Amino acid sequence: MNKLIGRVIATEKWPTTMDKFTFWTDCNLKLHAFDIVKIEHIEGSYSYGVIENISHITDAESFLTSFISSDFGNAEVEAPTLRVGMNYVEASISFNDKNLYTPVHSGAKVYLASPDEVTKALGLNNIQNPLVCGFLKMYEDTDAEITLPVQLNSKFILGPEGAHLNISGISGLASKTSYAMFLMKAIQEQFMTGSQGDDESVAFVIFNVKGKDLMAIDTANDFEDDGEEERQRVLEEYASLGLSGQPFRQVHYYIPYYSNMTEKRSTYLSKEDVEDYIRDGILHKFKYSYVDDKESLEMLFADIDDPQQTMEAIISKIIDANDPDFGGISTWEEFRDKVDELSQRSQPSGRGQQRASNEISVLSWRKFKRIINKATKNDEMFANRANVNNSECRLADALKHISANDVCVIDVAKLPEEKQAFVFGDAVRTIYNLKLGEYDGESGVNPPTRIIIFIDELNKYASKDTPKSSPILREILDVTERGRSLGVVLFGAEQFRSNIHQRVTGNCSTHAYGRTNTIETATKDYGSLPSTYKNMLTRLEQGDYLIQNPIFRSLLKIKFPKPIYKQFKK
Amino acid sequence: MSQVYPDSPKSVMQVLADETGGKSYKAHKYGLDHAERPFIDYSEDTIIWERTAETNPTKNYVSLEKQALDLALREEQYLTYFLDGSRRVYKVDDHAYIASGGRSVIYPIVAGQIGVGCCKRENKIIKPERFMREIVISVPDIADADGRPGYFKAMAMKLSELPVLKRMGIEIKHIIPYSTKTDPEKFEDRGTAKIQDEMIQCEKDMVAELVKKGMLDSEHYLVKDGSLEYRPTKDIIADKRKSMIFKNNYNYVLGVSKNFNPEICRDVNGKPNPGYIAELPLYHRTPVACYRPNYKGVESDIRFAVWYIRLRDRSRTRTAFDGVIKVEKMLVTQEENEYGIDSDLVNMLSALLINERNPVCYGTDLRWANHLYPVYLTEKYVKSKYLSAESFLHLF
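Residues numbered from 1 in each chain as written. Chains lettered and ligands numbered in written order. Predicted model: local features only at pLDDT ≥ 70, side-chain atom pairs only at ≥ 80, totals over all residues. Heavy atoms only, no water.

## A look at the nonpolar core
Residues and elements named next belong to chain A.
Logical step 1: Of all hydrophobic cores here, the largest spans 99 residues; its most connected members are Tyr179, Met184, Ile206, Ile217 and Phe491.
Logical step 2: Considering every element that reaches this core, the biggest residue donor is helix α3 (residues 176-192), with 9 residues.
Logical step 3: Excluding anything up to four places from it in sequence, Ile206 contacts Met181, Met184, Leu214, Ile217, Val407, Cys408, Val409, Ile410 and Phe454.
Logical step 4: Listed in part, the 67 residues of the second largest apolar core include Val209, Tyr254, Phe422 and Val445. (Core = buried A, V, L, I, M, F, W, Y, C linked by side-chain atoms within 4.5 Å. Buried < 20%, exposed > 50% of the residue type's maximum accessible area, 1.4 Å probe, protein only. Helix = DSSP H or I, 4+ residues; strand = E, 2+ residues; numbered from the N terminus. Contact = heavy atoms within 4.5 Å.)

Here you go:
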């Protein structure tokens, strides 16, 4: 039996409409934004509404009335009678079980909804290809509290119907990475159990950008700080969502190459960890060779203003196999020498022979040289070749051979920003080309139908301020605009969503809004949200998200369990 | 009274005119009530301070500030029930009756809605306890051509059977005749006065009901809006036993008036002394005076104790009389009649009333300085139950 909590109010000034209504309720009744209520409607039907705002009013006509009621400003005064007050709740209609969307009537009874009704009201019943994305709580901290798993249609997040996920929220308070990892964990598990159908498969490419956060995702969380009780509770939460509570499987780690002879390190993993991982065959050090990777050099110039397109001209010259200057070069050393030479020489040389390099000023060559030297000199990652017997690889080669359910974690945490961009851009391009079928002829290339790329700090590569010429932005736009049908899915996270290129966010089917600040919610990206939701975004708890997906009738406030893989102390 | 009107499309006034042999003029219908605003009630009462009605007679103001504060701190509360009656009066028609000499005289027909409500305070929250509504009509006494007893009662029943009323579940409770004797008073005012009397009767009935149910005692007082100076009926005055029951009903009832006539307050020399109330300091009360209503020359044996309390600082109110309430309590026991009310009880009740000064209805009611919030809420409750003026006038 549903609990009756109030009645609908409709007045001349505050009418009920097809999508909004107001009801009064007891001031002490605990209700929250996003809670669902059930309203009696015509022809025996029931409408369901989502709470947007709750206001408390009394019969005091003005602030002055209240002030006078304390003997003109004596805060100590206790009145023997409480002022008559009530709460009125503004809600929006989400659903009517007989499709009757005429406004609900004044005086209509308003009830709390049962779990089944909540599921129906939010459109969470009969979801095809269900993929769990968290759980929601209704009527929190009351006797009527309900916890429900929330599932979305995987075809609306992994394609082909809709693809890409954007997660936004303040660092440290929104747990963006944890949420993305939770979703990917759920996806991996559901694909491994075959619940998504035999013809569909998935793999993951994850970039570790901070510390060694994602460098042990195949190891279980020991809940060292939280204790056994918490561990049990989290495992139960996973179980209630239909998940195993096991860490990721089929994980491969890739760290930038460094020689064991030097003290310099390119990862936050300890020497022992690296050795252990290598022994287990799950870690490779990646290298870039000049012959194979010169085409990716442009990624180093992603953030560099190039209004005359001289850098672009130089790069196209370099990748031209028949170029008189760069045609035969096979190592980074030779390459740098050649660039050095070109930036020294006063041109034209006067040999009477017209050279392409004549068109590029020596100043441009010097700029190019500076950038190239900074990036490749003294960096062992830029090497002549990868020695596969020594757990080394070319990253692009490794990614080409990605197979179903693989999780590739690429560690770029310790790289400077421009090299992070280089690695990311190169990897995205490889995946994109792989799904385009560019490597189909090569042996051992059998990509899964869907590849998910997860990158934190998306704003570094696809912000509104990123130069239009940026090759990485181009890659990301390609992925977000065409990836849905190709099977390349981008899971991006950033602090401020308003910073991200509109064509990127615009193409994401799913949006997760974590805790953010008021400056952010004041931007026009959040203009469509009711003000209560905006304010709520500024005080969401860690692990709470507002989720938007085409199959949900409205925004949902969800929670997700703590990470199930090893956590490193901050 | 031979005809029956089962499906009559006729209006109530038409049927009333037909039945009483009058002629309905279908006059303009309008409300006779005045807007609620502070006013000074220049009624004909006389209170003389010379006779005190408390056990510790004093001629000075009594400060209650400390006692009020102490009671508030202890959250002691004995004022539990609040009662308010109100009426809305409308002129609904003019009827012409043939008077002596064949000339026709026009008399107004006055209708009223009476509402009496009682609210209870529990844990600082006011909740409705009882409500009573009556719809009455006041007609000139000559409407009853024969002067038979029970004529108007039967007529009221007949009118209530009309479909226009039946459909809405509305019953005309009484038809009350007003006097048509030559008098400077307007007929409309006479009708209004009759409806007012009926309202007072409803209030008395409700008090009697509360007493009968044993709801009032020394820890559960009833605060009634307005004066307690009910005129006891002739039979009550005549019958000692009835008189005693009537008085007993009021043992735990306080009448608190927002409006009073300051002129009636006379000093020991019998001269009016309104300044005595005007100068009452904040959170003080006046001495308790005794008052015996005098009704049409018949002096009843019912005496009232009357005193005044200032709730609001004079500098905060518009006039010197805003912020002062008049309190009445009936003298019930023989002892009280002889020696007056226990001054300690007066002080305690006054202190409790002082604590009722907050919250205020400032902004929504011009009489905020004199209003007690629980009474104000009761009044609001009663008024919320009224039919709107339009709906009500349409009935006739």
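Now that the structure has been shown, we can carry on.
## Observations concerning the pattern of salt bridges
Logical step 1: Under the criterion given, the structure shown has 53 salt bridges over all chains.
Logical step 2: Here A:Asp325 ties to A:Lys317 by a salt bridge, and the two come within 2.9 Å at their closest N and O atoms.
Logical step 3: In this structure A:Asp325 comes out as buried when scored by relative accessible area, which is 8%.
Logical step 4: Residue A:Lys317 is classed as buried on the basis of its relative accessible area of 7%.
Logical step 5: B:Asp146 is paired through a salt bridge with B:Arg148; the nearest N and O atoms lie 3.1 Å apart.
Logical step 6: According to the relative accessible area criterion, B:Asp146 is exposed, its value standing at 53%.
Logical step 7: You can call B:Arg148 partly exposed: its relative accessible area is 47%.
Logical step 8: Where salt bridges share partners, they join A:Asp226, A:Glu230, A:Arg233, A:Glu237 and A:Lys562 into one cluster. (Salt bridge = Lys/Arg side-chain N within 4 Å of Asp/Glu carboxyl O.)

## With respect to the sheet that holds strand β3 (residues 36-40) of chain A
All names here are of chain A.
Logical step 1: If you trace the 6 strands once around the closed barrel, you get β1-β2-β5-β4-β3-β6, paired in antiparallel fashion. Neighbouring strand axes in the sheet, compared pairwise and without regard to direction, differ in orientation by 45° on average.
Logical step 2: The pairing of strand β2 (residues 20-25) with strand β5 (residues 85-96) spans 6 bridges and is classified as antiparallel. Directly across from Thr25, in β5, lies its bridge partner Asn87. (Pairing = 2+ DSSP bridges. Axes fitted to C-alpha atoms, helices over the stretch in contact; angles between N-to-C directions.)

## Some details on the pairing of strand β18 (residues 510-513) of chain A
Residues and elements named next belong to chain A.
Logical step 1: Side chains Thr510 and Ala512 project from β18 onto one buried face, and the interleaved His511 and Tyr513 project onto a second face that is buried too.
Logical step 2: Where β18 and strand β19 (residues 544-548) come together, 3 bridges link them in antiparallel fashion. Across the sheet, the residue bridging to Ala512 is Ile547, located in β19.

## Looking at the environment of B:Asn358
Logical step 1: Position of B:Asn358 among the secondary structure elements: in the loop between α10 (343-355) and α11 (373-384).
Logical step 2: Classification of B:Asn358 as buried rests on a relative accessible area of 1%.
Logical step 3: In this structure, the C-alpha to C-alpha distance between B:Asn358 and B:His371, residues 13 residues apart in sequence, is 9.5 Å.
Logical step 4: In this structure, B:Asn358 is in contact with A:Ile68, A:Ser69, A:Ser70, A:Asp71, A:Val77, A:Ala79, A:Pro80 and B:Arg312, ignoring residues within four places of it in sequence.
Logical step 5: One polar contact links B:Asn358 to A:Asp71, side chain to side chain, over a distance of 2.8 Å. (Polar contact = N/O pair within 3.5 Å; in protein donor to acceptor, adjacent residues only side chain to side chain.)

## Observations regarding the packing of aromatic side chains
Logical step 1: On inspection of all chains with the given rule, the structure shows 42 aromatic pairs over all chains.
Logical step 2: Ring centres of B:Tyr90 and B:Phe392 lie 4.9 Å apart, and the angle between their planes is 40°; on these two criteria the pair is classed as tilted. Of this pair, B:Tyr90 sits in strand β5 (residues 79-98) while B:Phe392 sits in helix α12 (residues 389-394), and the two are 302 residues apart along the sequence.
Logical step 3: Here B:Phe260 and B:Tyr308 contribute two aromatic rings whose centre-to-centre distance is 4.9 Å and whose plane-to-plane angle is 70°, an arrangement assigned as edge-to-face. Note that B:Phe260 is positioned in the loop between β10 (253-257) and β11 (265-266) and B:Tyr308 in strand β16 (residues 303-310), a separation of 48 residues in sequence.
Logical step 4: Taking relative accessible area as the criterion, B:Phe260 reaches 5% and is therefore assigned buried.
Logical step 5: Joined through ring pairs, the aromatic side chains of A:Phe286, A:Tyr288, A:Tyr290, A:Phe301, A:Phe326, A:Trp332, A:Phe335, A:Trp365, A:Phe368, A:Phe382 and A:Phe422 make up one cluster.
Logical step 6: It is A:Lys414 that lies over the ring of A:Tyr268; its NZ or CZ is 5.3 Å from the centre.
Logical step 7: Across from the ring centre of B:Phe131, 5.5 Å away, lies the NZ or CZ of B:Lys385, which sits over that ring. (Phe/Tyr/Trp six-rings, centres within 6.5 Å; stacked < 30°, edge-to-face > 60°. Lys NZ or Arg CZ within 6 Å of the ring centre and 35° of its normal.)

## Comments concerning helix α9 (residues 362-376) of chain A
Residues and elements named next belong to chain A.
Logical step 1: With 15 residues, α9 extends 20 Å from end C-alpha to end C-alpha; this agrees with the ideal 21 Å at 1.5 Å per step.
Logical step 2: Buried residues of α9: Ser364, Trp365, Phe368, Ile371, Ile372, Asn373, Ala375 and Thr376, and no others.
Logical step 3: A positive backbone phi angle near 60° is found at Asn378, which sits one or two residues after α9. (Expected span 1.5 Å × (residues − 1).)

## Some thoughts on the interface of chain B and chain A
Logical step 1: The interface is formed by 23 residues belonging to chain B together with 17 residues belonging to chain A.
Logical step 2: If you look at where chain B meets chain A, you find 2 salt bridges.
Logical step 3: Here chain B is connected to chain A by 12 residue pairs in polar contact (both at pLDDT 80 or more).
Logical step 4: For the side of chain B that touches chain A, the secondary structure elements donating two or more residues are β7 (125-140) and α11 of chain B.
Logical step 5: Counting residues per element, the side of chain B that touches chain A draws most heavily on α11(B), at 4 residues.
Logical step 6: For the side of chain B that touches chain A, the per-class residue count stands at 12 nonpolar, 6 polar and 5 charged. (Nonpolar A, V, L, I, M, F, W, Y, C, P; charged D, E, K, R; others polar.)

## A short note on the side chain of B:Thr80
Residues and elements named next belong to chain B.
Logical step 1: If you trace the backbone, Thr80 turns up in strand β5.
Logical step 2: The buried category is assigned to Thr80, whose relative accessible area is 6%.
Logical step 3: Apart from the residues lying within four places of it in its own chain, the contact partners of Thr80 are Cys119, Lys120, Arg121, Glu219, His220 and Tyr221.

## Digging into a negative patch on the surface
Residues and elements named next belong to chain B.
Logical step 1: Among the surface-exposed residues, Glu335, Glu338, Asp342 and Asp344 lie close enough to one another that they form a single negatively charged patch.
Logical step 2: With respect to the helices, strands and loops of the structure, Asp344 is situated in helix α10.
Logical step 3: Classification of Asp344 by relative accessible area gives exposed; the value is 51%. (Patch = residues over 30% accessible without salt bridge, like charges linked within 9 Å, V, L, I, M, F, W, Y side chains within 5 Å. Areas by Shrake-Rupley, 256 points an atom, 1.4 Å probe, with all protein chains shown as cover. Lys, Arg positive; Asp, Glu negative; His and termini not counted. Charge placed at Lys NZ, Arg CZ, Asp CG, Glu CD.)

## Let's talk about the packing of helix α8 (residues 332-344) of chain A against α9(A)
Residue and element names in this part refer to chain A.
Logical step 1: The interhelical angle for the contact between α8 and α9, taken along N-to-C directions, is 155°, at an axis separation of 8 Å. Judged by the angle between their axes, α8 and α9 are roughly antiparallel. Judged by the sense of rotation from one axis to the other, the crossing of α8 with α9 is left-handed. Each of Trp332, Phe335, Arg336, Val339, Asp340, Leu342, Ser343 and Gln344 in α8 lies in contact with α9, whose residues at this interface are Val362, Trp365, Arg366, Phe368, Lys369, Ile372, Asn373 and Thr376.
Logical step 2: Within the contact of α8 with α9, the residues separate by chemical class into 8 nonpolar, 4 polar and 4 charged. (Parallel < 35°, antiparallel > 145°, perpendicular 65-115°, else oblique. Left-handed = near helix turned anticlockwise from the far one by under 90°.)

Shape descriptors only; they carry no functional weight alone.
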